[in-house]
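Results of the structural survey
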Amino acid sequence: KQLTVTAEYSFRDNCNNLVVVYITSLHTIVGVLYRPSDSSYADFAKLMAELQNCFDVHSSDNRVPDIYLIGDFNLPEYNWTTGTIDSGPSTQACHQLRDF
């Protein structure tokens, strides 16, 4: 099956990077992000808002795309195995990512 990308988007602020593609033939969004360990919660919140906008553009009332979000999140408080969040400097960002 041929993969057809119909939308590309990138976002970069003073520290975070996000690249998103929409694969039409799979109705799938793939996002790759980099969040440096010193990224503030406010900066990460902007990045997540941009990601939400991309998601909203490709969602419809009856069909929501699959989403794959990969990258270097630098969230040491997030336990990726259990989904639990410890207390620390990036706790808010961990909650925001988990709630996405």
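Structure's up top.
Residues numbered from 1 in each chain as written. Predicted model: local features only at pLDDT ≥ 70, side-chain atom pairs only at ≥ 80, totals over all residues. Heavy atoms only, no water.

Here's the deal with the pairing of strand E2 (residues 17-23)
Successive side chains on a regular strand alternate, one facing one side of the sheet and the next facing the other. Examined bridge by bridge, strand E1 (residues 5-12) and E2 share seven bridges and lie antiparallel to one another. Each residue of the ladder has a partner; that of Tyr 9, found in E2, is Val 20. Counted between consecutive antiparallel strands, the loop separating E1 from E2 contains four residues. Relative to strand E3 (residues 28-34), E2 runs antiparallel, the two being bridged by seven bridges. Note that in E3 the partner of Tyr 22 across the bridge is Ile 29. Linkage of E2 to E3, two consecutive antiparallel strands, is achieved through a turn of four residues, within which His 27 is found at a positive phi near 50°. (Pairing = 2+ DSSP bridges. Helix = DSSP H or I, 4+ residues; strand = E, 2+ residues; numbered from the N terminus.)

Considerations on the side chain of Asp 13
Mapped onto the fold, Asp 13 is located in the loop between E1 and E2. Buried and without a salt bridge, Asp 13 has Lys 46 as its closest oppositely charged side chain, separated by 4.9 Å. At a separation of 2.9 Å, a polar atom in the side chain of Asp 13 contacts the main-chain amide nitrogen of Cys 15. (Buried < 20%, exposed > 50% of the residue type's maximum accessible area, 1.4 Å probe, protein only. Lys, Arg positive; Asp, Glu negative; His and termini not counted. Salt bridge = Lys/Arg side-chain N within 4 Å of Asp/Glu carboxyl O. Polar contact = N/O pair within 3.5 Å; in protein donor to acceptor, adjacent residues only side chain to side chain.)

Things to note about helix H2 (residues 91-99)
Along H2, the residues that are buried comprise Thr 91, Ala 93, Cys 94 and Leu 97. Each buried residue of H2 sits inside an arc of 160° when the element is viewed along its axis, so together they form one side. Those residues of H2 that are exposed and aimed more than 90 degrees away from the buried face are Gln 92 and Asp 99. Elements in contact with the buried residues of H2: helix H1 (41-57) and strand E4 (66-72). (Arc of directions from axis to C-beta. Contact = heavy atoms within 4.5 Å.)

Here's the deal with the nonpolar core
Membership of the largest hydrophobic core comes to 19 residues, with the highest contact counts inside it found for Leu 18, Val 20, Phe 44, Leu 47, Met 48, Leu 75 and Leu 97. For this core, the secondary-structure elements that each account for two or more residues are E2, E3, H1 and H2. Element by element, the count of residues in this core is highest for H1, at six residues. (Core = buried A, V, L, I, M, F, W, Y, C linked by side-chain atoms within 4.5 Å.)

Re the pattern of salt bridges
Going through the model one piece at a time under the given rule, you end up with two salt bridges. The closest approach of N and O atoms between Asp 43 and Lys 46, which form a salt bridge, is 3.4 Å. Note that Asp 43 and Lys 46 are positioned in helix H1 at a spacing of three residues, about one turn of the helix.

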